[in-house]
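Examination of the molecular architecture
Okay, here's what each chain looks like letter by letter:
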Amino acid sequence: MSVITGPIRPKRRIANFISFAIVVVLGALTLSVLFQSYQISSRLMSQEVLRTSGQTTNLVQSLFNFRLATVQIHQDSSAQSQNLVEALQSRDPQTIDQYFLSVDQLELSNTPDIRFITTMDGLIWDDGNAQFYGLSQDDMTKVIRRVAFNSNWHLISSPSQLDMIYLMVRRSPLINQATGEVAGFLYVAVVLNNNYALIETMRDGSNSQNLVLTVGKKVIASTLNGNEPYREADVIKSGQSDTLYNRNMVSRASLEVEGVPTYLTVYSVQNNQNALRLRDNYYFWMIFALVAMVIVALITRWWIQRRIESEIACLMTYTHQVADKGRRNPFPGSTIYEFDHFGRTLEHTFSRLSEQEKQFEDLFNFTVSPTVLWSTDGQMIKMNPSAKQQFLHQFEEDKPLLDGLERQLRDKIAEAAQGNIVKEVNTELGGKMFRWNLSPIEVNDKIESIIAQGYDITSIAEAEKQSRIARKEAEESARLRADFLAKMSHELRTPLNGILGVSQLLKRTVNDKEQVEQVNVLCSSGEHLLAVLNDILDFSRIEQGKFRIQKSQFRLSDVVYAIERIYRPLCAEKGITLQLNSNIVEDVMVVGDQVRINQILFNLLNNAVKFTHYGEIDVDLILLVTESQSTLKVRIKDSGIGIRSEDMRIIFEPFVQAESTTTREYGGSGLGLAIVNSLIEMLGGTIRVESEFGKGTEFNLRIPLPVAQVEEREIDAKEADVKFTLFDEPLKVLLVEDNHTNAFIARAFCKKYGLDVEWVTDGVQAIEKAKEQQFDLILMDNQLPYLGGIDATRVIKQELKLSAAVYACTADGMESTRDAFIAAGAEYVLVKPLKETSLNQALVYFKQQRQVTG
């Protein structure tokens, strides 16, 4: 039994966990209840404080309004007295004094602090109290001017001889009832500074302990007598903050006069004992709940330890017996359902583990694959019988194979010891090949050992070896075939160059009808042989993956004109009808490989013309344009010999025709449709064929062709008509060609353009001539004696840096040869056999480039 090592953490009993959980739950519930109670109590206290504060504010405002109202009533009553009006009109101050003295004796408490009368002539009477409060005659005049022309109360501040004095001033008109005239105005004023009667009346009526009347932070009246534990500044400060839990609660009220806010503020001090008692009561019950929760937790823990710990001890005893002593005794059971279920589950788990351990031992011991258990330092711990048979009982140089296995796996075991799974490690021992997978075994997050399982792959390794050899042979065969095709291309194109060149020269010199027909047969045979050679080379490039699609903009209507110009005469010559239908407009430009599209259509039309003896050939060229893409849809239908249904599946196979008699009767390489199918796949299109034997065949193609921007193209008619008069003065041309026939053809073609040609037969001579003389153009063959054409071009253009243009003229039509010439410095590549049209295009290109650079 292996000993489990690792960091030892402090262990806790399950009773502690359960009691802790109960305490947490009870605590959470208790705290949530207390918190909710606190929220409710705080809300209630806040509402009570706000209600009390609101009531106090309303009472203070009401008492202030009541004081002003009583003064106003007495003022209006005096203003309506005719005795006062008569005394005013008679200008008798003593009578006015007697009148107000009699009025004040009736209700002294409602007497205003200041009283005076004005007429249009100004102040004519006052009760003398203004001088008592320190107001001069000028101050009184200013007060009169500041009171508006209405009967509302006005709060006025006026400087006095002592301090700023604050007055509530109101005027009332004195009207003569007999005449309706305004005899004057009666002004009354209530002085707010130190108005103890007013402030004490407001305090007693609002059930407050004290009141403080302020203007801003300045106190102008207060009921404090100095024996209180707080001062006026403390009252103002408390009134501007939260006073919920202070001993005394301060309410703040801004006074209004006839509904208009003023800068007068009244701070009322009230006892806050109810709120404090409610707070203290909450604290008491919170502490009581916490103490009760602790007591319940202690009792719960004691009960759990007494009731459950014995059951847990029984369960733990059973697990120790099974784990440490390996006993398989059944679980004795528990009176608590959960523990009994847990024990039964453990019993079942131990039983399954025992079975799995036995199965693992059986698997380890009886598996036919050699399995070895290694330590992290590369020492063998254990191996199964298969491994013993392979590596302990077999020897190499008088040593067991195990030594060699350990030596070969040592580095991989060290890598697996870092935690990596190492797969497919091959070892070769005793003439056998084994493939190993190494996996680390972790215990307590630590890698204890490495298990390696091997497989005998001797036969598989041999098969892979044979497969590699076969693949190398196939690659070598493909390379040799490509080299053969390149050489054959050169060897075939060289005589073809002579045949086609001479036949084209004879065409222009022979006038006898019979000889013309013979020359035409010669040209036709050469063209046919060249077409077969081109098909073979194209298919070879496709098969090797070297065939490239070169997309560019071209006018799609040119394809229609080419079909019309080439195949209508051929059809007319065979006596069949060509029906050509198209929706392609003149100026539509598309992006694609025009050469390959022509090659596809020409191959299909060649077959149609070849296998159709009567009837007609229908060709539909439709350009379908949508928002997402544009597609060229082609339909070619003939009334020819058709294809049998059993031959439909092989028509696109290379070197295959429907029947052997077809080859004998019509000829051909059998590569046309294979090339068509491959080209359409490379262009991203599809092809579908339908045929009925003896009635004809129909091909349907779809090729994606993006529509490009329309470009105007003007053709220089003068240049198109002139074929041989391209240059105003003869060019000096160096022809590098080792074959006399090819040199003869090339010189004959060049003379038609008035070119001055000098001929050499190898690359070394070409370099020497280029050094000695200044040439405009060098026509360079590829396969030359002593120094090849590509190397000669590289010397001329890259080492000597001569200005002469180098045009490759090679019989090797492979893409790699063309790329090699361009990389060496050639500007143009002509493929033999040389034709008048291809040479004309090359010379036109030379002229255009010379005009651009010149």
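So, how was this worked out
Residues numbered from 1 in each chain as written. Predicted model: local features only at pLDDT ≥ 70, side-chain atom pairs only at ≥ 80, totals over all residues. Heavy atoms only, no water. Helix = DSSP H or I, 4+ residues; strand = E, 2+ residues; numbered from the N terminus. Buried < 20%, exposed > 50% of the residue type's maximum accessible area, 1.4 Å probe, protein only. Contact = heavy atoms within 4.5 Å. Areas by Shrake-Rupley, 256 points an atom, 1.4 Å probe, with all protein chains shown as cover. Patch = residues over 30% accessible without salt bridge, like charges linked within 9 Å, V, L, I, M, F, W, Y side chains within 5 Å. Salt bridge = Lys/Arg side-chain N within 4 Å of Asp/Glu carboxyl O. Pairing = 2+ DSSP bridges. Right-handed = clockwise from strand over helix to strand, strands pointing away. Core = buried A, V, L, I, M, F, W, Y, C linked by side-chain atoms within 4.5 Å. pLDDT = per-residue confidence, 0-100. Expected span 1.5 Å × (residues − 1). Bend = angle between axes of the 7 residues up to and from the residue. Phe/Tyr/Trp six-rings, centres within 6.5 Å; stacked < 30°, edge-to-face > 60°. Arc of directions from axis to C-beta. Polar contact = N/O pair within 3.5 Å; in protein donor to acceptor, adjacent residues only side chain to side chain. Axes fitted to C-alpha atoms, helices over the stretch in contact; angles between N-to-C directions. Parallel < 35°, antiparallel > 145°, perpendicular 65-115°, else oblique. Nonpolar A, V, L, I, M, F, W, Y, C, P; charged D, E, K, R; others polar.

1. What to know about the overall build of the chain
Counting its regular elements, the chain contains 23 helices and 29 strands. A total of 854 residues make up the chain; the buried ones form 41% of that total. Nonlocal contacts in the chain, meaning residues at least 24 apart in sequence, comprise 62% of its contacts between residues at least 6 apart. Within the structure as shown, the chain displays about 48700 Å² of accessible surface, and the carbon and sulfur contribution to it stands at 53%.

2. Concerning a nonpolar patch on the surface
On the surface, a nonpolar cluster with roughly 640 Å² of combined accessible area is contributed by I287, V291, I295, I299, W302 and W303. Mapped onto the secondary structure, I287 falls in helix 8 (residues 273-325).

3. Looking at the pairing of strand 28 (residues 805-810)
Taken across its 6 residues, strand 28 has 6 buried, putting it largely inside the fold. Across 4 bridges, strand 27 (residues 777-780) lies against strand 28 in parallel orientation. Within strand 28, the residue paired with M780 across the bridge is A808. Regarding topology, helix 21 (residues 789-799) serves as the crossover connection from strand 27 to the parallel strand 28, and that connection is right-handed. Direction of pairing for strand 28 relative to strand 29 (residues 828-831): parallel, over a ladder of 4 bridges. By the bridge assignment, Y807 is partnered in strand 29 with Y828.

4. Some points on the nonpolar core
Ranked by internal contacts, the top residues of the largest apolar core, which has 41 residues, are L556, I600, I617, L621 and L701. For this core, the secondary structure elements donating two or more residues are helix 14 (557-574), strand 18 (577-582), helix 15 (594-611), strand 20 (616-625), strand 21 (630-638), helix 17 (672-682), strand 22 (686-692) and strand 23 (696-704). No other element matches helix 15, which puts 7 residues into this core. Those residues in contact with L556 that lie beyond four places of it in its chain are I584, V588, V590, L623, L632 and L705. By size, the runner-up hydrophobic cluster in this structure holds 25 residues, among which are A746, L834, L843 and F846.

5. Quick notes on the confidence of the model for the chain
Per-residue pLDDT for the chain averages 78, and the proportion of residues at 70 or more is 78%. Low confidence marks residues 658-669, where pLDDT is under 50. Its contacts with residues over four positions away, or in another chain, come to 20 contacts. Scored below 50 in pLDDT, residues 710-722 shows 9 contacts in the model against residues more than four places distant or in partner chains.

6. Section: helix 11 (residues 401-416)
Because each turn of an α-helix spans 3.6 residues, side chains separated by three or four positions end up pointing in the same direction. With 16 residues, helix 11 extends 22 Å between its outermost C-alpha atoms, agreeing within 8% with the 22 Å of an ideal straight helix rising 1.5 Å per residue. Roughly 50° is the biggest bend found in helix 11, and it falls at L409. Turning to helix 11, its buried residues number three or more, namely L401, L402, G404, L405, L409, I413 and A416.

7. Considering the pairing of strand 19 (residues 589-592)
Of the strand pairs in this sheet, strand 17 (residues 552-555) and strand 19 are connected by 4 bridges, and their pairing is antiparallel. Each bridged residue has a counterpart across the sheet, and for Q553 the counterpart in strand 19 is V591. Both strand 19 and strand 24 (residues 707-708) contribute to a ladder of 2 bridges, which runs antiparallel. Paired with M589 across the two strands is A708, which belongs to strand 24.

8. Some words on the packing of aromatic side chains
Between two aromatic rings, the relevant description is the distance of the centres plus the angle of the planes. In the structure shown here, the tally under the stated rule is 12 aromatic pairs. Ring centres 5.2 Å apart and planes at 80° place the aromatic pair F132 and Y133 in the edge-to-face group. Classification of F132 as exposed rests on a relative accessible area of 65%. On the accessibility criterion, Y133 (24% relative accessible area) is partly exposed.

9. Observations concerning helix 20 (residues 763-772)
Taken residue by residue, helix 20 has G763, A766, I767 and A770 as its buried positions. All buried residues of helix 20 project into a common sector of 100° when viewed along the axis, lining one side. Residues of helix 20 that are buried sit in contact with strand 25 (732-736), strand 26 (756-760), strand 27 and helix 21. Sitting at the head of helix 20, D762 places a side-chain oxygen 3.0 Å from the backbone nitrogen of V764.

10. Notes on the packing of helix 10 (residues 385-392) against helix 11
Closest axis-to-axis distance for the helix 10/helix 11 pair is 7 Å, and the angle between their directions is 100°. The pairing of helix 10 with helix 11 is recorded here as roughly perpendicular in orientation. On the side of helix 10, the interface is formed by Q390, F391 and L392, while helix 11 contributes L401, L402 and L405. Here the contact of helix 10 with helix 11 is composed, by residue class, of 5 nonpolar, 1 polar and no charged.

11. Concerning the sheet that holds strand 11 (residues 380-383)
Pairing between sheet strands relies on hydrogen bonds along the backbone, with the strands arranged either parallel or antiparallel. Judged by pairing direction, the sheet is antiparallel, and its 5 strands sit side by side in the order 11-10-16-15-14 without closing on themselves. Both edges of this open sheet fall to strand 11 and strand 14 (422-429), since each of them pairs with a single strand only. Each strand axis lies, on average, 30° off the axis of its neighbour in the sheet, ignoring direction. Taken together, the 3 bridges between strand 10 (residues 371-375) and strand 11 define a ladder with antiparallel strand orientation. Across the sheet, V372 pairs through a bridge with M383, a residue of strand 11. The sheet strands contacting helix 11 are strand 10, strand 11, strand 14, strand 15 (432-443) and strand 16 (446-456), and the helix crosses strand 14 at an angle near 160°.

12. So, the environment of V806
Looking at the element boundaries, V806 is found in strand 28. Of the residues examined, V806 reaches a relative accessible area of 0% and is grouped as buried. With 27 residues separating them along the chain, V806 and L779 place their C-alpha atoms 6.2 Å apart. Apart from the residues within four sequence positions on either side, V806 is in contact with I778, M780, T793, I796, K797, A826, E827 and Y828.

13. Brief notes about the sheet that holds strand 28
Taken together, the 5 strands give an open sheet; going across it, the order is 26-25-27-28-29, and neighbouring strands pair in parallel fashion. A strand with exactly one partner marks an edge of an open sheet, and here the two such strands are strand 26 and strand 29. Taken pair by pair, the neighbouring strands of this sheet meet at an average axis angle of 20°, ignoring direction. Here strand 25 pairs with strand 26 via 5 bridges, running parallel. The residue of strand 26 that forms the bridge with V733 is V757. Those strands touched by helix 19 (residues 740-752) are strand 25, strand 26 and strand 27, and its axis lies near 170° from that of strand 26. The sheet strands contacting helix 21 are strand 27 and strand 28, and the helix crosses strand 27 at an angle near 160°.

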